[in-house]
Amino acid sequence: ERTSGPSDTAATFDSSRQRLVWPASLNWLLIGYGALVLAGGWGYVAMHIQADRERTLQEERARLLTVASSVEIGITAMLNDGIGAAEAGARELGSFGYPDPAQTKIRSVLQKMLTGGQYVRALFLASSARFARVSRSNDETDQRPPTWFFAKSPPATSTTWVGNPVVDSETPNHTVIPVAR
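Residues numbered from 1 in each chain as written. Predicted model: local features only at pLDDT ≥ 70, side-chain atom pairs only at ≥ 80, totals over all residues. Heavy atoms only, no water.

### Things to note about the nonpolar core
Counting residues in each nonpolar core, the largest one holds 13 residues, and the members touching the most others are Leu93, Ile106, Leu110 and Leu123. For this core, the secondary structure elements donating two or more residues are helix 2 (24-95), helix 3 (103-113), strand 1 (122-126) and strand 2 (131-135). Ranked by residues supplied to this core, first place goes to helix 3 with 4 residues. (Core = buried A, V, L, I, M, F, W, Y, C linked by side-chain atoms within 4.5 Å. Buried < 20%, exposed > 50% of the residue type's maximum accessible area, 1.4 Å probe, protein only. Helix = DSSP H or I, 4+ residues; strand = E, 2+ residues; numbered from the N terminus.)

Encoded structure:
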């Protein structure tokens, strides 16, 4: 009767191992090919990620440019509406000899010009002798412009003046930005 011992198991293992082992040069060739395929795959993935990133950034730049252009056009329209109404009022009052017309005449002319949307809260006219501000619900006339008018001097290169934000007299929890030309 035959029993298997340690020498029989080792012999069986050695013979099966020899059948699976290829020549050493072929082993290194397969390892090199595997490393090359792996490096190529990672390179392709890295290039694809980079191209996707660039494409996404370009699309977002275009979208942001569109939004910025829309905001610019909207703000320009609002400013032109408010400033245009004030200029029209100033021209009409100029034909009455502004700053000399009576307060009621100034109020009626500026109130007539205050036809813009809710974004135009008030119209104001200022000269060295008089300040008049008319809003939808109240008006203000004084011999001198208020302190917020002098808080920021107009730029030398522009005909448009943008003041510091001030508290809205009609809605105290809101601020407004005065703009003049």
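Having seen it, we continue.
### Quick word on the pairing of strand 3 (residues 139-142)
Relative to strand 3, strand 2 is paired through 4 bridges, and the arrangement is antiparallel. Following the sheet pairing, phenylalanine 131 is matched in strand 3 by aspartate 142. The turn joining strand 2 and strand 3, which pair antiparallel and follow one another in sequence, is formed by 3 residues. (Pairing = 2+ DSSP bridges.)

### Considerations on the environment of glutamate 60
Within the secondary structure, glutamate 60 is located in helix 2. Here arginine 63 takes part through its side chain, which lies 2.8 Å from a polar atom of the side chain of glutamate 60. (Polar contact = N/O pair within 3.5 Å; in protein donor to acceptor, adjacent residues only side chain to side chain.)

### With respect to the layout of surface pockets
Taken as a whole, the largest pocket holds about 860 Å³ of empty space. Going through the elements one at a time, helix 2, strand 1, helix 4 (147-150), strand 5 (166-167), strand 6 (175-176) and strand 7 (179-180) are the ones with two or more residues in the lining of the largest pocket. Per-element tally for the lining of the largest pocket: the top contributor is helix 2, with 7 residues. Split into classes, the residues belonging to the lining of the largest pocket amount to 23 nonpolar, 3 polar and 6 charged. (1 Å grid on protein atoms, 1.4 Å probe; cavity = no way out; pocket = protein on both sides within 12 Å on 5 of 7 lines; lining within 4 Å. Points joined across faces, edges and corners; volume = space filled by probe spheres on them. Nonpolar A, V, L, I, M, F, W, Y, C, P; charged D, E, K, R; others polar.)

Shape descriptors only; they carry no functional weight alone.
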